[in-house]
Amino acid sequence: MDIGADIGIINHTAKPEWLGNGSNTLKLLPTSDSATNNSWTPSVGLDKYATVADYVITNPDITGYVYSKTVGQKQGFRVGSTAIGTDRIITGVTMDQYDAAGGDGSSRGGTYKMYWLKSGTYYYSSNFVSLFGDTSGYTFGTRPSDGSQWTMDDIVNNDWGFEVVGTTGTKEVAVDQFNIVVDTRSKLRSTSYWVVTATG
């Protein structure tokens, strides 16, 4: 058998099932309030980011939340950084929030949208209705500013936030928990592998 003469590349593009895609999910919590948009009211304390910095659903806090009933009012946050490794790429970023604020939720019902703010431009989600005990999430598959892949710098050095779109009477928008979900996958497993055969 002459391996040296007969080894060849069979496929360098299609991914075989047994390799998987090396996917992984990271969750980032707010670490500071936005210097640009910091207008909502906290139910407790002064630091709004500390009030909502909790993983969505996993540990409901029914007392601490931020809220607003003023149309156009924004509340933004910065999230903490984490290393993803040079061998990985970011495949999507999701904003997740949970409204478990205290009381019976009768004051909820305002409409809001989420945003990512970069270089003075807002990139918005679709609209949501603030409902007691409800969750909402919005995923940006690629960087909305130019359609390119996300970088960690995009995520941690720009604001993520909420804007009140509409209210009726005393209805308000409230956010109780907030985190950013970062989906990643391996560059090696998703883009590069070799299949060889030896014949003789």
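See above for the structure.
In every chain, residue numbers begin from 1 and rise along the written sequence. The predicted nature of this model means local features are confined to residues of pLDDT at least 70 and side-chain atom pairs, given and counted, to a pLDDT of 80 or more, with totals for whole chains, interfaces and linings taken over all residues. Excluded from the side-chain calculation are hydrogens and water; included are all heavy atoms of the structure.

(A) Representation of the pattern of salt bridges. We define a salt bridge as a side-chain nitrogen of Lys or Arg found within 4 Å of a carboxyl oxygen belonging to Asp or Glu. As enumerated under the stated definition, the model contains 4 salt bridges in all. Between aspartate 146 and arginine 143 there is a salt bridge, with the nearest N and O atoms lying 2.9 Å from each other. Exposure is judged per residue with a 1.4 Å probe applied to protein chains only, and the accessible area is read against the type maximum: over 50% gives exposed, under 20% gives buried, and values in between give partly exposed. Looking at arginine 143, the relative accessible area reads 14%, which means it is buried. For arginine 143, the salt bridge goes to aspartate 154, with nearest N and O atoms at 2.9 Å. Of this pair, arginine 143 sits in the loop between β10 (134-140) and α3 (152-156) while aspartate 154 sits in helix α3, and the two are 11 residues apart along the sequence. Comparing arginine 143 with aspartate 154 shows no difference in burial state: the two are buried. Put simply, DSSP H or I for four residues or longer makes a helix, DSSP E for two residues or longer makes a strand, and each gets a number counted from the N terminus.

(B) Looking closely at the sheet that holds strand β5 (residues 66-68). Here a strand pair is declared whenever DSSP counts at least two bridges between the two strands. Taken together, 3 strands build an open sheet; the order of strands is β4-β5-β12 and the sheet is antiparallel. Pairing within the sheet leaves two strands with one partner each, and these edge strands are β4 (41-42) and β12 (173-175). Strand direction decides the pairing type here: β4 and β5, joined by 2 bridges, are antiparallel. Across the sheet, residue proline 42 finds its bridge partner in β5, namely valine 66.

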